[in-house]
Amino acid sequence: MPNLSRNTARRGDVGASRSMGATQSASCCASRRRSPRSAAKPDTRRRSMMPKVSIALMGNSVLYYNDVPRLLEAFGGSDLFDQGVVEQDSCLRGGVGFSQLLAKGNGMEDKFGAEDQGSPDVSSLLSRPWDYVVMNDYTQAPARAASRRASIDVLIDQIAPMLRRCGGTPILLETWAYRAPTKGSDDLGEHAEFTARLQEGYREYAAALAAALPPEMQPRVAPVGTAFLAVRELRKKLWRELFHTDGVHPSPLGSYLEGLVIYATVFGSLPSAAASVPDDPSYLWARARRMQPANAPPNRLPTVEEMNFLRGVAAKVCAVPDDSPKVRPVMQFTLTLTLILTLEP
């Protein structure tokens, strides 16, 4: 189990080479026209032969709990033949939406440390070329009409111009609904209704960005909230454990599923089993700067069986291949997920 305080190990120097993305299904991304840097089919060669894929992340505690940026690095660089295919940097701040993050900038100094907190603000983060830019709004914002419209204005007027300059394809991180109504979310309903509102909101975000960006930069949606809902339908006890003790933030199990869905949305495939299902799961978080609040009791890490199950869920919601050993609940998954996806508004 990694130490809950920040890990002082610094991320090594990484190359700035550009790379090709991966083909996405309709459930994970908007359709995308081919270009010199457009998506390619998943590559089965040793990934040490592949150029790095650069990923910028801008968001809030949905990403900094359990250090999802570093988890993506582990997914892309910890198997036998791999020297690491993911290069990342971030600008994160707890409790903010798009507009507050742009105005206040990075808030990770106390959590990640002054020397390893990421870029100081979004403008600095997006001042260099990126292949992909992962972003999420304050959880409740896409679920309400007024705050959704305000966020769309920010996306079009402030974020889209920076995306055009850096060239990064936007990955809209569809966040999950709370485990139960809290933080003034009673009007958004229980988990399933709240999730449907989030799905609708992120579809509108994607449509707005699609109209503001060139064809080769069409946005993709990483359906993390949809994946959480799928786990609830299949294994409710495990679904409860996707959350930190507050029922809002992710536990390591929740962040693991989140990372899988982001990775699949970018690459068009799951990370290799060798990289993402280690016998000792603490290896995935060996370089985590912070797992959760320092005064909180530690959450447990996923078991190998749970990692394989969550890989199956991520593969289904993103419609990508899954090489994980099959466990019984996943065999029932196709019909259940069909209902989830076809009943949403």
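Keep in mind the model is a prediction, meaning the values are calculated, not measured.

Visitor: Which residues make up the side chain of Arg-220, and what are the values?
Guide: Assignment of secondary structure puts Arg-220 in strand β5 (residues 220–222). One buried charged side chain, Arg-220, makes no salt bridge at all; its nearest oppositely charged neighbour is Asp-131, positioned 10 Å away. Among the polar contacts made by the side chain of Arg-220, one reaches the main-chain carbonyl oxygen of Val-266 at a distance of 3.2 Å.

Visitor: Describe in detail the environment of Phe-267, supporting the description with residues and values.
Guide: Note that Phe-267 resides in helix α10 (residues 252–267). Residue Phe-267 is classed as buried on the basis of its relative accessible area of 9%. Linking Phe-267 and Val-320, residues 53 residues apart in sequence, is a C-alpha distance of 9.6 Å.

Visitor: Kindly report on the pairing of strand β2 (residues 86–92), identifying the contributing residues and their values.
Guide: Counted residue by residue, β2 has seven buried out of seven residues, so it is predominantly covered. Strand direction decides the pairing type here: strand β1 (residues 53–59) and β2, joined by seven bridges, are parallel. Opposite Ala-56, over in β2, you have Asp-89 as the bridge partner.

Visitor: Give me the nonpolar core: which residues, what numbers.
Guide: Grouped burial of nonpolar side chains is what soluble globular proteins tend to show. Ranked by internal contacts, the top residues of the largest apolar core, which has 59 residues, are Val-231, Leu-242, Tyr-256, Leu-257, Val-261 and Leu-310. At ten residues, α10 tops the list of elements feeding residues into this core. Those residues in contact with Leu-257 that lie beyond four places of it in its chain are Ala-227, Phe-228, Val-231, Leu-242, Leu-310, Val-313 and Ala-314.

Rules used throughout
Residues numbered from 1 in each chain as written. Predicted model: local features only at pLDDT ≥ 70, side-chain atom pairs only at ≥ 80, totals over all residues. Heavy atoms only, no water. Helix = DSSP H or I, 4+ residues; strand = E, 2+ residues; numbered from the N terminus. Buried < 20%, exposed > 50% of the residue type's maximum accessible area, 1.4 Å probe, protein only. Lys, Arg positive; Asp, Glu negative; His and termini not counted. Salt bridge = Lys/Arg side-chain N within 4 Å of Asp/Glu carboxyl O. Polar contact = N/O pair within 3.5 Å; in protein donor to acceptor, adjacent residues only side chain to side chain. Pairing = 2+ DSSP bridges. Core = buried A, V, L, I, M, F, W, Y, C linked by side-chain atoms within 4.5 Å. Contact = heavy atoms within 4.5 Å.

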